[in-house]
Amino acid sequence: MRERVLALLTLFTSSGTLICCALPAAIAALAGGAAVASLVSTFPWLVPLSQQKGWIFLGAGGLLLLNGLLVFRPQSRLACRVAGGAGCEVAGRFTRVTFWVALSIYSVGAFFAYALTPLLRWLES
């Protein structure tokens, strides 16, 4: 149960990185500044959220690391063999899928928040 809650919390915080940083950057790249201005005027809470992107990424990365340690630890496989393993397969599959989805979302958010602007500046020069 603890791993499932941690997996959902990790997915939630990783999605927060996508909302705070990747969504405005992707909209700016695809549609331009006017689209970002309308997005920020519709959802004004994006501005203070994106101002704290360092803390958001740090918290989400820490949760991802903790979740990865819990999902891929060898002790959980031993506990499943001792207990019979019926529910462990379903719960283990759920937490692994949630972990990889959260890691993918986190990676997309990190790319848009930290790597896209330097990459575009490098391509311009």
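As the structure is a prediction and not an experimental result, all values here were calculated from the model.

Draft legend 1. Focus on the overall build of the protein chain. Scanning the protein chain from N- to C-terminus turns up six helices and zero strands. Each helix and strand of the protein chain, placed in order from N terminus to C terminus, yields the pattern α-α-α-α-α-α. Here the contacts in the protein chain between residues at least 6 apart in sequence split such that 88% fall between residues at least 24 apart. Summed over its atoms, the accessible surface of the protein chain is roughly 8,000 Å², and 72% of this surface lies on carbon and sulfur atoms.

Draft legend 2. Representation of the nonpolar core in the model. With seven residues, the main nonpolar core is built from Phe57, Ala60, Leu64, Phe99, Ala102, Tyr106 and Ala113. Going through the elements one at a time, α4 (53-71) and α6 (86-124) are the ones with two or more residues in this core. Not counting the four nearest positions on each side in its chain, alanine 102 is found in contact with Thr10, Leu11, Ser14 and Leu64.

Draft legend 3. Representation of the packing of aromatic side chains in the model. Considering all chains together, one arrives at five aromatic pairs under this definition. Arranged with centres 5.1 Å apart and planes meeting at 70 degrees, the rings of phenylalanine 99 and tryptophan 100 form a pair that is edge-to-face. On the basis of an interplanar angle of 80 degrees and a centroid distance of 5.5 Å, the ring pair of phenylalanine 111 and phenylalanine 112 is categorised as edge-to-face. Phenylalanine 112 gets classed as partly exposed once you look at its relative accessible area, which sits at 23%.

Draft legend 4. Here's a closer look at the confidence of the model for the protein chain. In the predicted model, the protein chain carries a mean pLDDT of 76, and 76% of its residues have values of at least 70. Taken element by element, the predicted model of the protein chain shows its lowest mean pLDDT in helix α5 (residues 74-83) (55) and its highest in α4 (83).

Draft legend 5. Quick look at α4. Across its 19 residues, α4 extends 26 Å between first and last C-alpha, which sits within 8% of the 27 Å expected from 1.5 Å per residue. Considered for burial, the residues of α4 that qualify are Ile56, Phe57, Ala60, Leu63, Leu64, Asn67, Gly68, Leu70 and Val71. Projected down its long axis, α4 carries its buried residues within an arc of 160 degrees, all on one side. Structural note: α4 exposes Trp55, Leu58, Leu65 and Leu69 on the side pointing more than 90 degrees away from its buried face.

Cut-offs and rules
Residues numbered from 1 in each chain as written. Predicted model: local features only at pLDDT ≥ 70, side-chain atom pairs only at ≥ 80, totals over all residues. Heavy atoms only, no water. Helix = DSSP H or I, 4+ residues; strand = E, 2+ residues; numbered from the N terminus. Contact = heavy atoms within 4.5 Å. Areas by Shrake-Rupley, 256 points an atom, 1.4 Å probe, with all protein chains shown as cover. Core = buried A, V, L, I, M, F, W, Y, C linked by side-chain atoms within 4.5 Å. Buried < 20%, exposed > 50% of the residue type's maximum accessible area, 1.4 Å probe, protein only. Phe/Tyr/Trp six-rings, centres within 6.5 Å; stacked < 30°, edge-to-face > 60°. pLDDT = per-residue confidence, 0-100. Expected span 1.5 Å × (residues − 1). Arc of directions from axis to C-beta.

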